[in-house]
Amino acid sequence: MTERIAPAARLRGTLRLPGDKSISHRYAILGALAEGETRIRNYATGADCRSTLQCLRALGTPVETEGDEVVIQGRGLRGLRPSAEALDAGNSGSTMRLLAGVLAGQPFLTRLTGDASLTHRPMDRIVRPLRLMGAHVAAREERFPPLEIRGGPLRAIEYELPVASAQVKSCVLLAGLYAEGRTAVIEPVRTRDHTEVALRQFGADVEIVGRRISVTGWPRLEGRHLEVPGDLSSAAFFIAAALILPESELVIEEVGLNPTRSALLDFLCSMGARIRILNLREQAGELVGDIQVRSSPLRGGVIEKAMTAALIDEIPVLAVLGALSEEGLTVRDAAELRVKESDRIATVAENLRRLGASIETSVDGFYVPGRQKLRGAALASFGDHRIAMAFSIAALAAEGDSLLEGAEAAAVSLPEFFRLLGGLTHSA
Ligand code: S3P
């Protein structure tokens, strides 16, 4: 699907977003492993989180939608059943990597596959620790999906993560539920901690000391009634639009503001963004609040080291802001961008160039000079939801209309994206 995007004069209004994608995956998986019923309000609406529900159903878990709630009849840690068919994680790295941890503890064989993007993303990062724990895992070329996992009783390990990845950390912690004793993961830098928070909510014993996280095996997990806060990574696109379009003012209500995710807001404020947080509160161990944004001149900045991991999903849209800022944006230590839903260093660079902007790339980062003018262009999502949304925002600030090919990719995390954006923007 090709979407025509006209420049916008301003963005105004109030918005609520579907639930956070990362948290939704975790609540659904833990709901399936818990005893009793789990009800989840504001579950993410994107295809990725639907893939997780489909996989859980294929493993014998009753999952239904009742009004605005996803209702899961938990099977208990030992209650999953083998699936005759391969599980299809679609485009979702989280579905594949988190479920792989669970499947490593199951006394049966499961095949896990995904779409053209996912089957080219690295899985050796989870294969290695799962084998150390005693699971039998086969991967295409030892590295890529499809995966074949024959699980069973696992050994607790202490695992130092070679990459900063919440998905790998979560995979090992979920496998740790099926190991005797304590399984520990040591992170190189802190990554999103939704798994740790959710595990505690469901009753697991999680200990966090600095960058070392451990979980005790064979806990009794209990079904919960939970509400997922709005997705901050989806909010990022609307925040970016409000910042760059003059005379804009936007409030996004009930957004997840977990400190391991909200570095985005700190970074934007350091660039000069006028952002306020209202009604900050805690909900099931997660911080939630309303975000108020006003259009702001942006200075520019540098993203590197631990900051890169904390902002990893937001870098495409930050690159767009960088081009429109005073001093531009430098991103370092971001080799992980090359193995996301697309090679995001390449796809960001390609689209910025199509808009007439310049960017210098390296193996693990880029520099986008500031004060650039964007000209409407033929853009492409490259099948990547965040690229689709980031460059829709760029198109709003360009001179002349743009055509975005593959716009449907946005539905991987936010099917409502174009409708919500259309309801807030005023034409130039
Ligand atoms: C996620 C972790 C990150 C992030 C992804 C969601 C998660 O991936 O990019 O969108 O839910 O744990 P990595 O763990 O590969 O860094």
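Please read all numbers here as calculations on a predicted model, not as lab measurements.

### A short note on empty space enclosed by the protein
Applying the stated rule across the entire model yields one cavity of 30 Å³ or more. In this structure, the largest cavity encloses a volume near 30 Å³. Residue lining of the largest cavity: D20, I23, H194, G230, L232, G256, L257, N258, R261 and E286, and that is the complete set.

### Overview of the packing of aromatic side chains
The full count for this structure, using the stated rule, is five aromatic pairs. Geometrically, the ring pair formed by Y178 and W218 is edge-to-face, given 5.4 Å between the ring centres and 80 degrees between the ring planes. Of this pair, Y178 sits in the loop between α5 (166–176) and β12 (179–180) while W218 sits in the loop between β15 (212–216) and β16 (225–227); the two residues are 40 residues apart in sequence, bridging distant segments of the chain. Seen in terms of ring centroids, F238 and F417 are 5.6 Å apart; in terms of plane orientation they differ by 55 degrees. Their pairing is tilted.

### Focus on the pairing of strand β13 (residues 182–186)
With four of five residues buried, β13 is to be regarded as a mostly interior element. Of the strand pairs in this sheet, strand β11 (residues 158–160) and β13 are connected by three bridges, and their pairing is parallel. The partner of Y159 across the bridge, within β13, is V185. One ladder, built from five bridges, connects β13 with β15; its direction is antiparallel. Within β15, the residue paired with I186 across the bridge is R212.

### Some points on the domain arrangement of the protein chain
You can read the domains of the protein chain as domain 1 (2–19 + 230–427) and domain 2 (21–212 + 223–227). Each of domain 1 and domain 2 has a C-alpha centre, and the two are 28 Å apart. Both faces considered, domain 1 and domain 2 share a buried interface measuring about 2,300 Å² in area, 46% of it formed by carbon and sulfur atoms. Where domain 1 meets domain 2, there are three salt bridges. Across the salt bridge formed by R121 and E341, the nearest N and O atoms sit 3.9 Å from each other. Taken together, the connections running from domain 1 to domain 2 amount to 18 residue pairs in polar contact (both at pLDDT 80 or more). Of all the secondary structure elements, the ones that give two or more residues to the side of domain 1 that touches domain 2 are α9 (306–310) and α12 (385–396). Counted by class, the side of domain 1 that touches domain 2 contains 10 nonpolar, eight polar and 10 charged residues.

### Remarks on the sheet that holds β15
Here four strands make up an open sheet; going across it, the order is β11-β13-β15-β14 and the pairing mixed. The outermost strands of the open sheet, each flanked by one partner alone, are β11 and β14 (206–209). Within this sheet the neighbouring strands show an average axis-to-axis angle of 15 degrees, counted without direction.

### Some words on the packing of helix α11 (residues 344–354) against α12
Here α11 crosses α12 at 25 degrees, and the two axes come no closer than 11 Å. Compared by their axis directions, α11 and α12 come out roughly parallel. Seen along the crossing, α11 lies across α12 with a hand that is right-handed. For the pair α11 and α12, contact is made by R344, T347, V348, N351 and L352 and by H385, R386, I387 and F391, respectively. Among the residues making up the contact of α11 with α12, the classes are represented as four nonpolar, three polar and two charged.

About the cut-offs
- Residues numbered from 1 in each chain as written.
- Predicted model: local features only at pLDDT ≥ 70, side-chain atom pairs only at ≥ 80, totals over all residues.
- Heavy atoms only, no water.
- 1 Å grid on protein atoms, 1.4 Å probe; cavity = no way out; pocket = protein on both sides within 12 Å on 5 of 7 lines; lining within 4 Å.
- Points joined across faces, edges and corners; volume = space filled by probe spheres on them.
- Phe/Tyr/Trp six-rings, centres within 6.5 Å; stacked < 30°, edge-to-face > 60°.
- Helix = DSSP H or I, 4+ residues; strand = E, 2+ residues; numbered from the N terminus.
- Buried < 20%, exposed > 50% of the residue type's maximum accessible area, 1.4 Å probe, protein only.
- Pairing = 2+ DSSP bridges.
- Domains from an automatic or database assignment.
- Buried area = accessible area lost by both parts, 1.4 Å probe.
- Salt bridge = Lys/Arg side-chain N within 4 Å of Asp/Glu carboxyl O.
- Polar contact = N/O pair within 3.5 Å; in protein donor to acceptor, adjacent residues only side chain to side chain.
- Nonpolar A, V, L, I, M, F, W, Y, C, P; charged D, E, K, R; others polar.
- Axes fitted to C-alpha atoms, helices over the stretch in contact; angles between N-to-C directions.
- Parallel < 35°, antiparallel > 145°, perpendicular 65-115°, else oblique.
- Left-handed = near helix turned anticlockwise from the far one by under 90°.
- Contact = heavy atoms within 4.5 Å.

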